[in-house]
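A closer look at the structure
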Amino acid sequence: MTTADGLSGLHVDFGVDHRGYRVRPPRARYVCTACGTTEGPVYGHDQVRALVARVMTDHPTYCTARTETSHDH
Ligand SMILES: [Zn+2]
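Position labels on residues start from 1 in each chain and follow its written sequence. Only residues with pLDDT of at least 70 are given local features in this predicted model, and only at 80 or more are side-chain atom pairs given and counted; all residues enter the totals for whole chains, interfaces and linings. Hydrogens and water are ignored here; the side-chain numbers use all heavy atoms of the structure.

Here the focus is the coordination of the zinc ion. Distances define the donors: N, O and S atoms within 2.8 Å of the metal qualify, as do those within 3.2 Å of Na, K or Ca. Water is excluded, so some sites may look unfinished. Protein coordination at the zinc ion: the donors are C32 (SG), C35 (SG), H59 (NE2) and C63 (SG), at 2.1 to 2.4 Å from the metal. A site with four donors is called tetrahedral when every donor-metal-donor angle falls between 85 and 135 degrees; four donors are called square planar, and six octahedral, when opposite donors sit more than 155 degrees apart and all other angles fall between 65 and 115; any other arrangement is irregular. If you look at the zinc ion, its four donor atoms make angles of 99 to 117° with each other, and the shape they trace is tetrahedral. Mapped onto the sequence, the residues coordinating the zinc ion show the spacing C-x2-C-x23-H-x3-C. Of the two residues, C32 is situated in the loop between strand 5 (27–31) and strand 6 (38–43) and C63 in the loop between helix 2 (59–62) and helix 3 (64–68); the sequence distance between them amounts to 31 residues. For the residue pair C32 and C63, the accessibility class agrees, reading buried in each case. Each helix is a run of DSSP H or I of at least 4 residues and each strand a run of E of at least 2, with the numbering of both proceeding from the N terminus. Any residue under 20% of the maximum accessible area for its type is buried, any over 50% is exposed, and the rest in between are partly exposed; the area is computed with a 1.4 Å probe on protein chains only.

What follows covers the pattern of salt bridges. Basic side-chain nitrogens of Lys or Arg form a salt bridge, by our definition, when they fall within 4 Å of a carboxyl oxygen of Asp or Glu. In this structure the tally under the stated criterion is four salt bridges. The closest approach of N and O atoms between D13 and R24, which form a salt bridge, is 2.9 Å. Of this pair, D13 sits in strand 2 (residues 10–13) while R24 sits in strand 4 (residues 21–24); the two residues are 11 residues apart in sequence, bridging distant segments of the chain. Between D13 and R27 there is a salt bridge, with the nearest N and O atoms lying 3.4 Å from each other. Of the two residues, D13 is situated in strand 2 and R27 in strand 5; the sequence distance between them amounts to 14 residues. Residue R27 is classed as partly exposed on the basis of its relative accessible area of 33%.

On to the pairing of strand 6. Between any two strands, at least two bridges found by DSSP are needed for them to pair. In terms of strand pairing, strand 5 meets strand 6 through four bridges, oriented antiparallel. By the bridge assignment for strand 6, A28 is matched with V42. Turn length for the strand 5-strand 6 hairpin, with the two strands adjacent in sequence and antiparallel, is six residues, and the turn residue G36 shows positive phi of about 85°.

Structural data, given as structure tokens:
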């Protein structure tokens, strides 16, 4: 289990290959530590790459915790 730099809620498992056989597919799951939103889990190289890209670039734009901190009372 590897945690990507700078994203404490991102959990990426790169899977296991054994003698050319895919024993366990790569998978990824993201739990936003700010808003609690869970993305995934997703399975497979393409889906994992897409999830990582999404949480790094897209999630901040719709993170509910992020918008709540902008309240101006
Ligand atoms: Zn969030």
